[in-house]
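# Structural characterization, general
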Amino acid sequence: MATSLAITDQIENDILNCKICFNRFNQPKMLPCAHTYCFDCLENMVRGNRKIRCPECREEADVSGGVSKLKTNFQINSLLDIFKGQESEEAACSPCAIVGKSRTSAAAQCQTCCVHLCLSCKVKHTAGNPGHVLTSLPGFSSGPCEAEVAMQKKVYCQQHPRALVDYFCTSCNSAICASCSSYSHAQHKRVPVAKTVATTKPMVTKLVGRLRTELQSLARQDDSLNDAVNKLKATECSLMSMIESTLTEVINNLIKQGDGIKVTVADYVRKQEELYKNAKTELHHQIKKAEETREFAERILQSGQAREIVCLQSIVEEHINAIQALKAAREEKNSPSLKVNESIKKEIFQSNLFSITFEGESIPQAQTTPARTEQNRSSAKTPQAWVPVPQPRQRVSSMFSFDTELSNDDCDPKLTGISVASDGTIIVVDEGNSILKCYTDTGYFIRVIELPDDEDDPCSVAVFDDTIACSAGNKLYFLDLDGGFLKKLFLRGSESVYPIAAYEDEYVAVSEGALCSLSLYDVDGHVVSRVKPIGYEGVRFLFLAINSLEEFIVADSGKKCIVIFNRYGEVLTLCDQITLNGLDCALKPYSICTDVNDNILVTERNRILLFWPDGTFREELLNTGNGLHKPRVIAVNDEDSLIVTQGNGFVSLYKLDLS
């Protein structure tokens, strides 16, 4: 049977909390479908047509009379009145919040310095501040401690459990009651407990001091264990990153070698094709001449004069000699052949690229398994080297992450667009659930915005001049910051996605895919201009960014490069490869953004790259070792914080220092 505490928790979690903001109900209003939400949450969901779609059952409700006209859920109000005052709002641990740990519930509060503490921090705080007074918060009272239970037993006589001890027998070194003092301990030396305190209290005080010292030692051990775990995790992330980076470099180098050979073969074949084509043209010409000569000679032989027949011999011989000379001039070209370096190939298959050792310990190792041959069964083990723990990066530091999955989502989030409003609101496109999700700059959920056309899945988003621009299919929607519909435009071309980016408060630029051009729309929906890089033969434009100089940085997904051009279409820079650890690597750009200093940030499959404003590659900024999980789209806010949407539905914020 469920306890009263469990029932109370269930009522609180399932009945008294709003399913939109997940907080305690504030002015609960009931929709016609009987689902209840906060007044403010419903106000934020009202669309331009004055309708609300229930987040749980998706039924639409007409609120043309205003949310205030909806029925108030008095049953929930009654429950709120019952619970009010019986429990306080859950507090978070202050020390954990200061060091950036995830939110931890507080178990106690220090009455001296007014801070909230979790169980672990409570132990440390008590050891470091022996004079402070701590009180347990409601819901965290764990009953009497072990020492208190022992004390409750010792203040009663061991022989007479119902009698309190009044004497201390120095002969037996034990506390006894008055009855024991008069009978079983009558011949012993006894002292009243009130007189023994004077000598016992200094000793206990000294012991408490030793206990405090031991407690501090345990607290330091706890910190050491935390440091060891963090160091171990940092080592794991570093090793994973090194493995990923090494594999990428090796594979890219092999692909580069193969691409070079393929280009050489292709060039050779094209040249030979041209030679064969010319030879074929000449051959057809000679065939035509020989055919004409044959027909002419046959006519002369049948009806020609004697002198013509005599002269015909030399003419026919000349044509025969010309044909034979043409045949002799033809050279048979050998076909290209490929030779694979089998020794290197065999070494790759039979050797371990990686090896690892554990300092001071002999632990079974997980290594790449080579091909099973007699040779490598008997070969010696690969020499192993200690891999040091890397120092943390200085250019970027992790701030926090938050999950974008909502309780009423139909499927896992698929984040394809992100933008930041002037007030710091983070707007994320969840294409998987066909909605926009709005969050504060600290990661707290604000509202959901839906497009007026249900059949369109949003793709990309940009904010300019207090207007939200959102592309969906071949349409561009303009909404106000509360999600109210303003206008809808139809875009050029027949692309399935149209990434967009805003330039200050002037216009929004739309990337037009296979057209390899950009269309610029002002806040009224008028076409300001169309820009196409002059002399650049692109394949397909994808994501784009615009810097403070009004230069466009665009990822060409077909040519796998970044092209930078200005408003006049003049190409300024083209980058298609980077250099990492001394090796040239092909660039595979995805999302692009710029920071306040026009530095360029580009996402690839499992990393984020940093470029100078002129397009020159600087360094790898983030990778899987920094917690990245298939980074998708990125943005930088006015506080110079990098916002990254990831493949697992989380949004992560990093503080940048790119000076």
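Look up: the structure comes first, before these words.
Treat the numbers as computed from the prediction; the structure is a model and nothing was measured.

Next up on the list: the nonpolar core. Formed by 22 residues in total, the largest nonpolar core has its most connected members in Cys18, Leu31, Tyr37, Leu42, Ile52 and Val67. For this core, the elements supplying multiple residues, two or more each, are strand S2 (36-38), helix H2 (39-45) and helix H3 (74-83). Residue contributions to this core peak at four residues, all from H2. Those residues in contact with Ile52 that sit more than four places away from it in its chain are Leu42, Met45, Val46, Glu59, Glu60, Ala61, Val63 and Val67. Listed in part, the 17 residues of the second largest apolar core include Ala509, Cys516, Tyr536 and Val554.

All right, on to the pairing of strand S35 (residues 631-636) then. In terms of burial, S35 is largely enclosed, as five of its six residues are buried. As judged from the four bridges shared by S35 and strand S36 (residues 641-646), these two strands associate in the antiparallel manner. Across the sheet, Pro631 pairs through a bridge with Gln646, a residue of S36. Taking the residues that link successive antiparallel strands as the turn, the S35-S36 hairpin has four residues, and the phi of Asp640 there is positive, at about 60°.

Along H3, the positions that sit buried rather than exposed are Ile76, Leu80 and Phe83. One side of H3 holds all its buried residues, which, seen down the axis, span an arc of 65°. For H3, exposure combined with an orientation more than 90 degrees from the buried face picks out Phe74, Gln75, Asp81 and Ile82. The distance from a side-chain oxygen at the start of H3 to the backbone nitrogen of Gln75 is 3.3 Å, and the residue carrying that oxygen is Asn73.

If you walk through the whole model with that rule in mind, you get 19 salt bridges. Residues Lys437 and Asp430 are paired through a salt bridge, measuring 2.8 Å at the closest nitrogen-oxygen approach. Pair check on accessibility: Lys437 and Asp430 agree, each one buried. Arg447 serves as the salt-bridge partner of Asp482, at 3.7 Å between the closest nitrogen and oxygen. With a gap of 35 residues between them, Asp482 in the loop between strand S19 (475-480) and strand S20 (485-490) and Arg447 in strand S16 (residues 445-449) connect regions that are remote in the sequence. A residue is classified by how much of its surface remains accessible, and Arg447, at 13% relative accessible area, is buried. When salt bridges that share partners are traced, they join Glu291, Arg294 and Glu298 into one network.

Structurally, Asp456 is set in the loop between S16 and strand S17 (458-464). For Asp456, the side chain forms a polar contact with the side chain of Lys475, separated by 3.4 Å. In this structure the side chain of Asp456 is engaged in a polar contact, spanning 2.5 Å, whose partner is the side chain of Tyr477. Residues in contact with Asp456, not counting those within four places in the same chain, are Leu451, Ala472, Lys475 and Tyr477.

Reading the values: the criteria
Residues numbered from 1 in each chain as written. Predicted model: local features only at pLDDT ≥ 70, side-chain atom pairs only at ≥ 80, totals over all residues. Heavy atoms only, no water. Core = buried A, V, L, I, M, F, W, Y, C linked by side-chain atoms within 4.5 Å. Buried < 20%, exposed > 50% of the residue type's maximum accessible area, 1.4 Å probe, protein only. Helix = DSSP H or I, 4+ residues; strand = E, 2+ residues; numbered from the N terminus. Contact = heavy atoms within 4.5 Å. Pairing = 2+ DSSP bridges. Arc of directions from axis to C-beta. Polar contact = N/O pair within 3.5 Å; in protein donor to acceptor, adjacent residues only side chain to side chain. Salt bridge = Lys/Arg side-chain N within 4 Å of Asp/Glu carboxyl O.

Any functional reading would require information that these geometric values do not contain.
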